[in-house]
Amino acid sequence: MPQPPAVLEAIALSRTVEDVREGPKSLLRNIDFRLEQGQVLAVIGPSGAGKSTLLRLLNRLDEPTSGQLLLQGKDFREIEPAQLRRRIGMVMQRAYLFPGTVAFNIRYGPAQHGVSLEHDQVEALLEHVGMSGYAERDTATLSGGEAQRISIARALANHPEVLLLDEPTSALDDTSKAGVERLLAMIVRERETTCVWVTHELAQTRRVADLVLSMRDGHAVALGPPAQVLDA
Amino acid sequence: MLKFLFHTQVSLGLAQAAVVALVTIIVAQLAARRGALIGREVPFALLRGLLQILAVGALLALLLRGPWWTSIPMLAAMILAAGTIIRQRVPELPGAYSISLLCMCAGAGGVIAFMAILGIVEPKVTMLIPVGSMVIANNMNIQALFLNRFLGEVRAHRGEIESALALGAKPGSAVAPYLRASFDASLIPAANNVRSLGIVWIPGIMAGMVLSGSSPVYAALYQFVVLGMIFTAGAISCIVATQLVPRRIFTPHQQLRALTR
Ligand SMILES: Nc1ncnc2c1ncn2[C@@H]1O[C@H](COP(=O)(O)OP(=O)(O)OP(=O)(O)O)[C@@H](O)[C@H]1O
Ligand SMILES: [Mg+2]
């Protein structure tokens, strides 16, 4: 029996950019992985290893130089970019909320394809991230941790099949960091969301990851279950 | 005061130009010390502007006697020149020149043609060239302000724009707030001119017409028409730009380009 397609698969993924001074610069070389439904891939590695570069490719914010990316077995290039990005949600390192109310931000994604969220649906998403009652707040008045929670709820509003998290807590202080991390771990487990999670927290990695991709200088150092990669 | 020292019209004109240039250069140098980039290019810009306008003055003396259609290539040449000036303001925008030309042809070109066809501007060289050049020059400034502001907004809001893309927004809607802000900002000077007309500002053509003996009321109405044309041309060119520019700053796969200067 043929294997069912993976939810997200990367094959020999590479990216080279043309640097004005230094000439061609290889940011990512030959990254492979395969994620099944509900699996969490933690991406770890020192600063500059290429973790964000990888995540941007997975959201098609940048184009790979070579290699292939597949969503449910279908090549990224065959999927309309806006639709692809709706199916693969992304939470960035810093929450770039849009000016206006929290509710406007939550409604933004669905509104892009003509879906208007009801008040109750907005409330439910806010409750999910522990922000009930914030719907009408001006985003300019939110704290860093609150803003990051809203940016998570905003990504979840699209019901993505895959969730990309680029160090979603690195801009936060320790208290909000712990809260947001717990929240994400809960959401990912509860929703069985397939997830690529860039993180620095090794303890957290052990708790949430099914697979760990350890990177350095743009290539994979190791890929495997947490016990195998982290204790090597 | 200068009148007592210089007796012919041309030498008086030159002396006046020299005084203005001197003052402008001093102010520009003071500005440059406060970090305004623009200060360094002022002396050159002044000299260039002086030579250009002198050449045109000489040329006009010849051309103003030609048939009306000779103004078409002249106006077209002005638009081409304005396009190169706009491009220099936004070197990081791919295709800035062709975008600017299209926008100004639709804006300034369209409005001038419309006015000439309706007979609001008499179709003769002595009308088409001065009025047309005013509309084109203002259109150039509005267009440059629009593009400059828009690229500035995009550079300052990469995070928001890419967040919008990541939420499934099309490039056009991801940059819509910045297009709107640039549109408003670029039309502020032209809108202010219309609003303050007569109160803060009695503009050149009206002054000129009254001096040369036209009825002040007719001169006033005419001035209003010209300012309306300037505003309309600017608005049209920005509307066209709103359609054309987003395509240039995104790749075909809806990715925001680097836009490094
Ligand atoms: N467009 C680009 N042009 C040139 N170099 C780039 C470009 N984008 C990224 N880089 C370089 O690629 C390397 C990897 O960057 P990346 O942002 O992926 O690192 P990272 O692993 O996410 O690091 P951090 O943990 O600090 O966020 C860095 O050295 C960065 O300077
Ligand atoms: Mg990073």
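The model shown is predicted, which means the values in this text are computed figures rather than measured ones.

## Regarding the overall build of chain A
At step 1: Scanning chain A from terminus to terminus reveals eight helices and ten strands.
At step 2: Whereas a compact globule of 232 residues would reach a radius of gyration of roughly 17 Å, chain A reaches 18 Å, a difference of no more than 12%.
At step 3: Taken over the C-alpha atoms alone, chain A extends approximately 50 × 45 × 40 Å along its principal axes.
At step 4: Of all 232 residues assigned to chain A, the portion counted as buried reaches 53%.
At step 5: Within chain A, contacts between residues separated by at least 24 positions form 67% of all contacts whose residues are at least 6 apart in sequence.
At step 6: Surface summary for chain A: the accessible area is close to 10,600 Å², and the carbon and sulfur share equals 49%.
At step 7: When the 25 basic and 30 acidic side-chain charges of chain A are each reduced to a single mean position, those positions are 3 Å apart.

## With respect to the interface of chain B and chain A
At step 1: Facing 16 residues of chain B, the contacting portion of chain A comprises 23 residues.
At step 2: A combined buried area of about 1,700 Å² lies between chain B and chain A, and 52% of that area is made up of carbon and sulfur atoms.
At step 3: Contact with chain A buries area across many residues of chain B, yet A166, L167 and Q255 of chain B alone supply 35% of it, more than any other trio.
At step 4: Across the contact surface, chain B and chain A share two salt bridges.
At step 5: Among the ionic pairs, R56 of chain A bridges to E162 of chain B, the shortest N-O distance being 2.7 Å.
At step 6: Joining chain B to chain A, the criterion identifies eleven residue pairs in polar contact (both at pLDDT 80 or more).
At step 7: For the side of chain B that touches chain A, the secondary-structure elements that each account for two or more residues are α7 (158-166) and α8 (171-174) of chain B.
At step 8: Looking at which element gives the most residues to the side of chain B that touches chain A, the answer is α7 of chain B, with seven residues.
At step 9: Across the side of chain B that touches chain A, the residue classes tally to six nonpolar, seven polar and three charged.

## Digging into the site of ligand 1
Residue and element names in this part refer to chain A.
At step 1: Taken together, 13 residues surround ligand 1, and among them S47, G48, K51, S52 and T53 come closest.
At step 2: If ligand 1 stood free it would expose 640 Å²; the protein chains cover 62% of that surface.
At step 3: Of all the elements in the fold, those that place two or more residues in the shell around ligand 1 are β1 (8-19), β2 (23-35) and α1 (51-58).
At step 4: Counting residues per element, the shell around ligand 1 draws most heavily on α1, which supplies three residues.
At step 5: Here the residues of the shell around ligand 1 sort into four nonpolar, five polar and four charged.

## Structural notes on the domain arrangement of chain B
Residue and element names in this part refer to chain B.
At step 1: Under the domain assignment, chain B is made up of domain 1 (1-63) and domain 2 (68-248).
At step 2: Between domain 1 and domain 2, the residue contacts involve four residues of the former and five residues of the latter.
At step 3: In total, about 370 Å² of surface goes out of reach between domain 1 and domain 2, with carbon and sulfur atoms giving 58% of it.
At step 4: When residues of domain 1 are sorted by the area they lose upon contact with domain 2, R48, L60 and L63 head the list and together hold 77% of the total.

## Re helix α5 (residues 96-118) of chain B
Residues and elements named next belong to chain B.
At step 1: Relative to the 33 Å expected for 23 residues at 1.5 Å per residue, α5 spans 32 Å between its end C-alpha atoms, a close match to the ideal helical length.
At step 2: The largest bend along α5 measures about 30 degrees and falls at M104.
At step 3: Within α5, burial applies to A96, I99, S100, L101, C103, M104, G107, A108, V111, I112 and M115.

## Side note on the packing of aromatic side chains
All names here are of chain A.
At step 1: Considering all chains together, one arrives at four aromatic pairs over all chains under this definition.
At step 2: Taking the centre distance of 6.4 Å and the plane angle of 75 degrees together, the rings of F98 and F104 count as edge-to-face.
At step 3: Judged by relative accessible area, F104 falls into the partly exposed class, the value being 42%.
At step 4: When the centroid spacing of 4.3 Å and the interplanar angle of 40 degrees are considered together, the rings of F98 and Y108 count as tilted. Remark: Y108 occurs in helix α3 (residues 102-111) and F98 occurs in the loop between β6 (88-91) and α3; sequence separation between them is ten residues. For the pair F98 and Y108, a shared accessibility class is recorded, and that class is buried.
At step 5: Counting every residue linked through ring pairs, the aromatic cluster contains F98, F104 and Y108.
At step 6: One Lys or Arg, R154, reaches over the ring of F98 and ends 4.7 Å from the middle of that ring.

Conventions used here
- Residues numbered from 1 in each chain as written.
- Chains lettered and ligands numbered in written order.
- Predicted model: local features only at pLDDT ≥ 70, side-chain atom pairs only at ≥ 80, totals over all residues.
- Heavy atoms only, no water.
- Helix = DSSP H or I, 4+ residues; strand = E, 2+ residues; numbered from the N terminus.
- Rg over C-alpha atoms; globule rule 2.2 N^0.38 Å.
- Buried < 20%, exposed > 50% of the residue type's maximum accessible area, 1.4 Å probe, protein only.
- Contact = heavy atoms within 4.5 Å.
- Areas by Shrake-Rupley, 256 points an atom, 1.4 Å probe, with all protein chains shown as cover.
- Lys, Arg positive; Asp, Glu negative; His and termini not counted.
- Charge placed at Lys NZ, Arg CZ, Asp CG, Glu CD.
- Buried area = accessible area lost by both parts, 1.4 Å probe.
- Salt bridge = Lys/Arg side-chain N within 4 Å of Asp/Glu carboxyl O.
- Polar contact = N/O pair within 3.5 Å; in protein donor to acceptor, adjacent residues only side chain to side chain.
- Nonpolar A, V, L, I, M, F, W, Y, C, P; charged D, E, K, R; others polar.
- Near = heavy atom within 4 Å.
- Domains from an automatic or database assignment.
- Expected span 1.5 Å × (residues − 1).
- Bend = angle between axes of the 7 residues up to and from the residue.
- Phe/Tyr/Trp six-rings, centres within 6.5 Å; stacked < 30°, edge-to-face > 60°.
- Lys NZ or Arg CZ within 6 Å of the ring centre and 35° of its normal.

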